[in-house]
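Notes for the structure review
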Amino acid sequence: MSRFQLLSDDQWALIEDLLPVRTGKQGRPFSDARSMVEGIIYRYRCGIAWRDVPAVFGPWQTIWTWHRRMAGDGTWDTVLQRLLTAADSAGLVEWSVSVDSTIARAHQHATNITRPTGGWVELHGSAQRAA
């Protein structure tokens, strides 16, 4: 396994058939699907910008385009469902739910409501009282 290989062969076998394949269309063929997916994984795992994805995965524009298209057509949702199903059948997922009812209080100035106190509104009201 190289430094940049993020998926094992077993992991890749789970999702390989869900990903886009080469078509007979003319034009520049895309790079290996595995390197594209591993580039996307690397980007999210490291928390880096798309432009900072190492060149070993391919051009960052291609990796970004792959991610955008697969997010748009629901491929990532299908991949997630398959991985969750496989992990659940292996007993690796613990389905416990925790509900938190914490209340976050904000300062009165944190809201965006206008209040008729202070500023020029108060000055206009003071002028009538002063007369």
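Coordinates for the structure precede this section.
Before going into details, it helps to say that this report is about the structure given with it. The model shown is predicted, which means the values in this text are computed figures rather than measured ones.

This structure, assessed with the given rule, holds three salt bridges. With a closest N to O distance of 2.6 Å, Asp17 and Arg82 form a salt bridge. Of the two residues, Asp17 is situated in the loop between helix 1 (9–15) and helix 2 (33–46) and Arg82 in helix 4 (residues 75–89); the sequence distance between them amounts to 65 residues. Assessed through its relative accessible area of 30%, Arg82 is described here as partly exposed.

Next up on the list: the layout of surface pockets. In this structure, the second largest pocket occupies an estimated 380 Å³ of space. Forming the walls of the second largest pocket are 14 residues, and the residues nearest its centre are Leu7, Val37, Ile41, Trp76 and Leu83. For the lining of the second largest pocket, the secondary-structure elements that each account for two or more residues are helix 1, helix 2 and helix 4. Top element by residues in the lining of the second largest pocket is helix 2. It accounts for five residues. When grouped by side-chain class, the residues that make up the lining of the second largest pocket number eleven nonpolar, two polar and one charged.

Before going further, it helps to examine helix 3 (residues 60–72). An ideal rise of 1.5 Å per residue puts 18 Å on 13 residues; helix 3 measures up with 18 Å between its terminal C-alpha atoms. Buried positions along helix 3 lie against helix 2 and helix 4. The first or second residue beyond helix 3 is Gly74, which carries a positive phi of 90 degrees.

Before going further, it helps to spend a moment on the packing of helix 2 against helix 3. Where helix 2 meets helix 3, the closest approach of the two axes is 9 Å, and the angle between their N-to-C directions is 90 degrees. Taken together, the axes of helix 2 and helix 3 are roughly perpendicular relative to one another. Here helix 2 contributes Ala33, Met36, Gly39, Ile40 and Tyr44 to the contact with helix 3, which in turn contributes Thr62, Ile63, Trp66, His67 and Met70. Taken together, the residues that form the contact of helix 2 with helix 3 break down as seven nonpolar, three polar and no charged.

Quick reminder: α-helices carry 3.6 residues per turn. Residues three or four places apart thus point the same way. An ideal rise of 1.5 Å per residue puts 20 Å on 14 residues; helix 2 measures up with 20 Å between its terminal C-alpha atoms. Counting buried residues along helix 2, ten of its 14 residues qualify, which places the element largely inside the surrounding structure. Among the residues of helix 2, those classed as buried are Ala33, Arg34, Ser35, Met36, Val37, Glu38, Gly39, Ile40, Tyr42 and Arg43. Elements that come into contact with the buried residues of helix 2 comprise helix 1, helix 3 and helix 4. The first or second residue beyond helix 2 is Gly47, which carries a positive phi of 70 degrees.

Here we take up the packing of aromatic side chains. Tallying each qualifying case throughout the model produces two aromatic pairs. The interplanar angle of 40 degrees and the centroid separation of 5.4 Å between the aromatic rings of Tyr42 and Phe57 together place this pair among those described as tilted. With a gap of 15 residues between them, Tyr42 in helix 2 and Phe57 in the loop between helix 2 and helix 3 connect regions that are remote in the sequence. There is no split in this pair, since Tyr42 and Phe57 are both buried. Judged by centre distance (6.1 Å) and plane angle (90 degrees), the rings of Tyr44 and Trp50 are edge-to-face. Residue classification places Tyr44 among the partly exposed positions, given a relative accessible area of 47%. Here Trp50 falls in the buried class, since its relative accessible area comes to 13%. Sitting over the face of the ring of Tyr44, Arg43 holds its NZ or CZ atom 4.7 Å from the ring centroid.

So, how was this worked out
- Residue positions within a chain follow its written sequence, with the count starting from 1.
- Confidence filtering applies because this is a predicted model: local features only for residues at pLDDT of at least 70, side-chain atom pairs given and counted only at 80 or more, and all residues used for totals across whole chains, interfaces and linings.
- Water and hydrogen atoms were dropped before computing side-chain values, which therefore reflect all heavy atoms in the structure.
- Here, a salt bridge means any Lys or Arg side-chain nitrogen found within 4 Å of an Asp or Glu carboxyl oxygen.
- Strands here are runs of E lasting at least two residues and helices are runs of H or I lasting at least four, both read from the DSSP assignment and numbered beginning at the N terminus.
- Burial classification: accessible surface area is computed with a 1.4 Å probe over protein chains only, and a residue below 20% of its type maximum counts as buried, one above 50% as exposed, and the rest as partly exposed.
- Grid points spaced at 1 Å over the protein atoms alone were grouped into cavities, where a 1.4 Å probe fits but cannot get out, and pockets, open sets with protein on both sides within 12 Å along at least five of seven lines, with lining residues defined by an atom within 4 Å of a point.
- Grid points are joined across faces, edges and corners, and a volume is the space filled by probe spheres set on the points.
- We call Asp, Glu, Lys and Arg charged. Ala, Val, Leu, Ile, Met, Phe, Trp, Tyr, Cys and Pro are nonpolar, and the rest, Gly among them, are polar.
- A helix is expected to reach a length of 1.5 Å times the quantity of its residues less one.
- Contacts are assigned to residue pairs that have any heavy atoms within 4.5 Å of one another.
- Axes here mean lines fitted to C-alpha atoms, for a helix over just the part in contact, with angles spanning 0 to 180 degrees between N-to-C directions.
- Geometric relationships in this document are graded by angle, where less than 35 degrees denotes roughly parallel, more than 145 denotes roughly antiparallel, 65 to 115 denotes roughly perpendicular, and other angles denote oblique.
- The pairing test for Phe, Tyr and Trp rings, Trp by its six-membered ring, is centres within 6.5 Å, and the orientation test on the planes gives stacked under 30 degrees, edge-to-face over 60, and tilted for anything in between.
- Consider the ring centre and the ring normal. A charge sits over the ring if Lys NZ or Arg CZ is within 6 Å of that centre and within 35 degrees of that normal.

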